[in-house]
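Notes for the structure review
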Amino acid sequence: MLSIILLPFILACAFAASDLPGITTPVEPVEVTGSSVHLVGTGLRFSIPFLSVESPVPVFEPPSEYEALETVDCRFVVPDKEGIYPVMVDLFGEDLVVNPEIELTSQAQQAVDLCPEWLQEHLIWKLSILTEDNQDRYGALLLAHQGQNYFDELAYTVAYLSWTILAIPSWDEEVLVENAQGIYDNDAFLSYVNVVDYTGADYYSTTEYYTIQGSDTVWVEIPKEIYYDFVVMPKVSDEKPLNDATVYNEFWRQYLWDMDDSGYPVFNEVLNSNVLVFWDEQTKNYGWSTTPEFSDSLHAVDIISKWTRAIIPDGASGNRPVQPNIIAHEHNGNCGETQDLLSAAARVALIPCACVMDINEDHVWCSIWWDGEWRGWYVDTVNNHNTAYDVDYGGSKECSCIWAWRNDGFTWDVVDYYSNSCTFTVTVTDSASVPVDNATVQIASEGWQTSTIYRGTWGQTDRNGEITFTLGNNQNFYMNISTALGNFGSGGYEEVIVNSVADQTYTFQWSPPMLMPGLSAVEQTEGSWTKYLIQVSFDLPYDLMNGRDYYATPRSEYAEPLTDGTADFFIVDEENLALYEADEEFDCYELIQGASAGEVWFYAPHTDNWYIVFSGDRHQGVQTFADASITLWRHDGTGIESGVLNTAVAVSPNPCSSLASVQFTTAAAGPASVTVYDVQGRLVQRGCNGILESGAHDLELSTSGLSSGLYFVKVTGEGVNAMRSLTVVR
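Notes on the structure in this doc start here. What you are looking at is a predicted structure, and each value in this text was computed from that prediction instead of being measured.

1. Some words on the sheet that holds strand 28 (residues 567–573)
Spatially, 6 strands are ordered 5-4-31-28-29-24 in an open sheet, and the strand pairing comes out mixed. Two strands lie at the open edges of the sheet, namely strand 5 (95–98) and strand 24 (521–524), each paired on one side alone. Mean inter-strand twist for the sheet, computed between neighbouring axes without regard to direction, equals 30°. Summarising the sheet, strand 28 and strand 29 (residues 586–595) pair through 3 bridges and their orientation is antiparallel. Residue pairing in the sheet places Ile 571 in a bridge with Tyr 589 of strand 29. Lying on the sheet, helix 14 (residues 574–581) is in contact with strand 4 (83–90), strand 28, strand 29 and strand 31 (610–615); it crosses strand 28 at an angle near 135°.

This is how it looks when you write it as structure tokens:
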């Protein structure tokens, strides 16, 4: 454990002399196994772009001879390292069969449909990773409270609280109801804050605060994301939300509000309805008195700080609890307990608050969100850069890694608010320069006044294989990288930065020993004007970068959205689906790789069932949210002999760099055209526009004037009407 030494400001970490550390989080030292300082660069960083395709795509209308039989709309998550088919097309039964793997239980789906649109996708992801019993458990919970003003708050907590908590059989999910109801109960009592409810299909809530700005007092509304993440969230740091006997049979939003321990101030009495102002946005220093004076003229932020200090007058002793109720009732603690209680009290008072962690320097505190930024907050001060006691702001510490906690498991670096800082960008690609996503990168540094190394911050690489850390100055840093393709650090950590320099940009590139996986797909061309036509339109609004924290019990796991998702798409028959699932080479149709959106029209041979597949095989941890619409069309029989006219359209080579061949067959002489569209549906090139004789045609298509990216080649003529994707590379 980290130790405390006595300094003039040590009351921030321990209110009484103690051998106990300030933080309550258990930390373990890490092993340094080598040095890679010589591999770290400085200056401008480089990046490898991840190609994504933006919607809209060209609109393709089926020939008039086709009629729509059935349409299925579905939303689902494309897994990493494998694929999933949302729909199987049964041509013999003329039916679209939805894969049960993408379906939620009936109760869960009903609950999703009641939620605002902005929340539905994340809720689908969360419910899809729970068992069917748990899907029904939380579906029933939401359905039981439909129509209540707190329904969106309740639905948010199901969508964003880690599944590792939701899946515990003995955990009482009614705590989520108590949390949501408590927000509106306290709102009715408090004068300086209002919950604001917006209606409509995308309904949401937020809060507004009566605030002094200069010489004016005005109502100021916060973004809804801040409200849900840092006011509504029923978890403040490493604890599990509880309302059982261990926490006196009440959730902290109710317990702290009413707690009436003899000799201590009652929260709802000192923060009463006569307190009219939230804050004046100024830096405050409250001192360390354990018997502060309260008055209605104080601002809400002042009262919360003073109340928390009064509730914990003594330094930590005993069991070092993490539950706010127990901390408050036992009335002792160091900075770890104080942080938890201050954050919970702020959320009881409907004020956005996050916990801030400095593991290596053995100090933790809070931050308050206001006017677009997070500001340092502790029981003795608010709006203060010196909350961390870094030398750059008048303290005596050199801070290394400071991060804040969103409590679904997501963390982000904030050391630049409390110290001079530098940045460190780590890029992970395989030896073929393909970005490696979701590689876990952990950064360590020496503990405060010790040579022992502790993990200080961490994160995952994005789709470009990159992650950037913000780190303190005048520190040494060590790194470990973990991927399914191999690890950096020889089982421990390697030194990468010595005596970091403020404002410096450090870069590091590393390749694991194994290559990123690819698709062993061989694209085939299909006939046109078959009896059946399969239309697939899809949109991948975002990828989900998965991660976890390292200090909560149980651990929290989250999925952070990355705009414009990317996945591979293809259509296969049953035989080739089996080959694909066995990681063998397979034949497919309509292959589109790395797209964010697309539309395909597949003239399906009436020989087999067909599977619409979305693949995340080229992702190492990033999942993708998908919204797809599949329609089955049937020809009315006009002009078709034996069920199919044996024509085909092919574009090769694909990808191409300068010249492609477009091969197709027309059934009779007549007008024909070959046109090229970009991903935004704009006509960018004409390859042919005239009269063609019947028979086979092979037209050259120059792509030298096109930039790299995905295009769509549309071919129309007598007996042919098809569109193929074409990738241009440079």
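2. Thoughts on the packing of helix 4 (residues 151–160) against helix 7 (residues 224–232)
Relative orientation of the contacting elements helix 4 and helix 7 amounts to 75°, with a least axis distance of 11 Å. As far as their axial angle goes, helix 7 and helix 4 are roughly perpendicular. Along its contact with helix 4, which presents Asp 152, Glu 153, Tyr 156 and Thr 157, the element helix 7 presents Tyr 227, Tyr 228, Asp 229 and Val 232. The residue inventory of the contact of helix 4 with helix 7, partitioned by class, reads 4 nonpolar, 1 polar and 3 charged.

3. Some remarks on helix 10 (residues 300–311)
Counted at 1.5 Å a residue, the expected span for helix 10 with its 12 residues is 16 Å, and the 16 Å between its end C-alpha atoms agrees. Among the 12 residues of helix 10, 12 are classified as buried, and the element is accordingly described as predominantly covered. Those residues of helix 10 lying buried are Ala 300, Val 301, Asp 302, Ile 303, Ile 304, Ser 305, Lys 306, Trp 307, Thr 308, Arg 309, Ala 310 and Ile 311.

4. Details of the environment of Tyr 677
Its location among the elements puts Tyr 677 in strand 35 (residues 670–677). For Tyr 677, a relative accessible area of 19% translates into the label buried. For Tyr 677 and Glu 70, which are 607 residues apart along the polypeptide, the C-alpha to C-alpha distance reads 28 Å.

5. Section: the side chain of Asp 152
One can find Asp 152 in helix 4. As a buried residue without a salt bridge, Asp 152 has its nearest oppositely charged side chain in Lys 224, at a separation of 10.0 Å. Excluding residues within four positions of it along the chain, Asp 152 makes contact with Leu 119, Tyr 184, Tyr 203, Tyr 204, Ser 205 and Tyr 228.

Quick notes on the rules
Residues numbered from 1 in each chain as written. Predicted model: local features only at pLDDT ≥ 70, side-chain atom pairs only at ≥ 80, totals over all residues. Heavy atoms only, no water. Pairing = 2+ DSSP bridges. Helix = DSSP H or I, 4+ residues; strand = E, 2+ residues; numbered from the N terminus. Axes fitted to C-alpha atoms, helices over the stretch in contact; angles between N-to-C directions. Contact = heavy atoms within 4.5 Å. Parallel < 35°, antiparallel > 145°, perpendicular 65-115°, else oblique. Nonpolar A, V, L, I, M, F, W, Y, C, P; charged D, E, K, R; others polar. Expected span 1.5 Å × (residues − 1). Buried < 20%, exposed > 50% of the residue type's maximum accessible area, 1.4 Å probe, protein only. Lys, Arg positive; Asp, Glu negative; His and termini not counted. Salt bridge = Lys/Arg side-chain N within 4 Å of Asp/Glu carboxyl O.

So yeah, pure geometry; function would need other evidence.
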